[in-house]
2 protein chains.
Amino acid sequence: MKFCSNCAHAVSLRIPDGDNRQRFVCERCGSIHYENPRIVVGTLPVQSGRVLLCKRAIEPRAGYWTLPAGFLECGESVAQGAARETEEEAGIDITLGLLFSMVDVPFVNQVHIFYLAEMNGPRVEPGPETLEARLFDLDALPWDSLAFRTVEMTLRWYLDDLRHARPFVGPHTSVVERPTSGESGAVGASASRP
Amino acid sequence: MKFCSNCAHAVSLRIPDGDNRQRFVCERCGSIHYENPRIVVGTLPVQSGRVLLCKRAIEPRAGYWTLPAGFLECGESVAQGAARETEEEAGIDITLGLLFSMVDVPFVNQVHIFYLAEMNGPRVEPGPETLEARLFDLDALPWDSLAFRTVEMTLRWYLDDLRHARPFVGPHTSVVERPTSGESGAVGASASRP
């Protein structure tokens, strides 16, 4: 941020009175421009014991497989956003299930939230951000070409819960740390939109 | 938003190519300025069967009682944010517990998330945003002077779970609808910061 979105004056980065961290502040009109983490919402769609994944048509991670997900939009609930992204990216009919995972990705200022979802029929109509959407057997998931670590975590939790027949005791949670240089930066950049 | 925060040119509100909803777009530098819901994080702190509440020193809802909570900041996890806000507003030592409630407030573009927390000692040092912080017996909670509906919901769920000795099966969730004219608008305005 370089200029005030309210009055077009240059902003400065400083700690406002009564605050304890740096914000972009307009010294002309007094606006304080807060920046906060964003929420990515999606689903883990299941049909007859198989999981639906989408091959991404867009960056970041074009060509890699993901669960249908995207940024929560203003005016919708987390559950509505998860259902909308699933429809937009995979074009499938779902019944939304449990709030299944919530993973922080603080180094890109994101929180990723996934619901379980049951597919209600065979329709699969990938949207413009998806090259291909298809069902995978659980023993044939494309682990080596997943788009994001939060997707990999969520799939591993799902398989692990099934394998151990665990009762549900609340969403799985974790924090993804910034990748080191040898590792894939597979959660997207802060300015990117899954 | 009136001006581009990147180049100070006036922005227009239109649907960008490849998108399906209106965004603030700069026709000079091409920047698209997305706006997304923000996350409010807090705790329900408990000590010896009593619950800690904070009387708000600031608007919105100054003078009303709330659970310690505030906006999640960039670079921190949801759990870290909840612990930080609890320290800043109440000045208490806690051990963070279960992810207890997640309530959408779509008409102000917020998602409120509360954790249970156990107080580790008697220290209570209200911060500058808090007039008073104190423990309430469960049968003497100030129902008529609570600051926000998400706080009321969270407290009611807590009492209800205790009363029925319910096993924990995941966070409580709900959606707060826009208040009608006869109702208190007690979740804060979109531009306000709890």
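The rules we used
- Residues numbered from 1 in each chain as written.
- Chains lettered and ligands numbered in written order.
- Predicted model: local features only at pLDDT ≥ 70, side-chain atom pairs only at ≥ 80, totals over all residues.
- Helix = DSSP H or I, 4+ residues; strand = E, 2+ residues; numbered from the N terminus.
- Contact = placed C-beta atoms within 7 Å.
- Nonpolar A, V, L, I, M, F, W, Y, C, P; charged D, E, K, R; others polar.
- pLDDT = per-residue confidence, 0-100.
- Least-squares fit on C-alpha atoms with pLDDT ≥ 70 in both.
- Core = buried A, V, L, I, M, F, W, Y, C linked by C-beta atoms within 7 Å.
- Buried ≥ 20, exposed ≤ 12 C-beta atoms within 10 Å, placed from the backbone.
- Pairing = 2+ DSSP bridges.

Caption draft 1: Just the environment of Phe107(B), in detail. Mapped onto the elements, Phe107(B) comes out in the loop between strand E8 (94–105) and strand E9 (110–119). Distance from Phe107(B) to Phe136(B), taken between C-alpha atoms, is 31 Å for residues 29 residues apart in sequence.

Caption draft 2: Structural detail: the interface of chain A and chain B. Taken together, the contact between chain A and chain B spans 36 residues of the former and 36 residues of the latter. Secondary-structure elements contributing two or more residues to the side of chain A that touches chain B are strand E4 (38–47), strand E8 (94–105) and strand E11 (172–175) of chain A. Along the lines of polarity and charge, the residues of the side of chain A that touches chain B split into 20 nonpolar, nine polar and seven charged.

Caption draft 3: Representation of the confidence of the model for chain A. Residues and elements named next belong to chain A. For chain A, the average pLDDT comes to 92, and 93% of its residues sit at 70 or higher. Below a pLDDT of 50 lies the segment residues 184–194, which in the model reaches 28 contacts outside its immediate sequence neighbourhood of four places, other chains included. This complex was scored by the predictor with a pTM of 0.91 and an ipTM of 0.90.

Caption draft 4: Spatial organisation of the relation of the copies chain A and chain B. With an RMSD of 0.0 Å, the fit of chain A onto chain B corresponds to turning through 180° and sliding 0.0 Å along the axis. Such values leave the two copies arranged in the relation of a two-fold axis. Identified as the residue of chain A closest to the rotation axis by C-alpha distance is Gly170(A), at 1.7 Å. An overlap of 100% is found between the interface residues of chain A and their copies at the interface of chain B, pointing to a shared contact surface.

Caption draft 5: Local environment of the nonpolar core. Ile39(A) and Ile39(B) are the most contacted members of the largest nonpolar core, which totals 80 residues. In this structure, Ile39(A) is in contact with Leu72(A), Val78(A), Val111(A), Ile113(A), Asn36(B), Pro37(B), Ile39(B) and Val111(B), ignoring residues within four places of it in sequence. Counting eight residues, the second-largest nonpolar core is a separate cluster that includes Cys4(A), Val11(A), Phe24(A) and Val11(B).

Caption draft 6: Local environment of the pairing of E8(A). Residues and elements named next belong to chain A. Sheet topology places E8 next to strand E9 (residues 110–119); nine bridges connect them, and they run antiparallel. For Ser-101, the partnering residue across the bridge sits in E9 and is Phe-114. A loop of four residues connects E8 with E9, the two strands running antiparallel in sequence, and Asn-109 in this loop sits at a positive phi of about 55°. Relative to E11, E8 is paired through four bridges, and the arrangement is parallel. Paired with Val-103 across the two strands is Ser-174, which belongs to E11.

Caption draft 7: The arrangement of the sheet that holds strand E1 (residues 11–14) of chain A in detail. All names here are of chain A. Pairing within the open sheet is antiparallel, and its three strands lie in the order E1-E2-E3. Lying at the two open borders of the sheet, with one neighbouring strand each, are E1 and strand E3 (32–33). The sheet contact formed by strand E2 (residues 23–26) and E3 spans two bridges and is antiparallel. Paired with Val-25 across the strands is Ile-32, a residue of E3.

Caption draft 8: Just the environment of Ser174(B), in detail. Residues and elements named next belong to chain B. On the secondary structure map, Ser-174 appears in strand E11 (residues 172–175). Residue Ser-174 is classed as partly exposed on the basis of its C-beta count, with 17 C-beta atoms lying within 10 Å. Placed 72 residues apart in sequence, Ser-174 and Met-102 show a C-alpha to C-alpha distance of 7.0 Å. Residues within four places of Ser-174 in sequence aside, it is in contact with Val-103 and Met-153.

Caption draft 9: Molecular detail of the environment of Gly121(A). Residues and elements named next belong to chain A. Among the structural elements, Gly-121 can be located in the loop between E9 and strand E10 (130–137). The exposure class assigned to Gly-121 is exposed, which follows from the 9 C-beta atoms found within 10 Å. Between the C-alpha atom of Gly-121 and that of Arg-134, which follows or precedes it by 13 residues, the distance is 13 Å.

Caption draft 10: Fine view of the sheet that holds strand E2 (residues 23–26) of chain B. Taking strand neighbours across the sheet as the criterion, the three strands line up as E1-E2-E3 (chain B) in an open arrangement whose pairing is antiparallel. Each having just a single partner strand, strand E1 (11–14) and strand E3 (32–33) of chain B make up the two edges of the open sheet.

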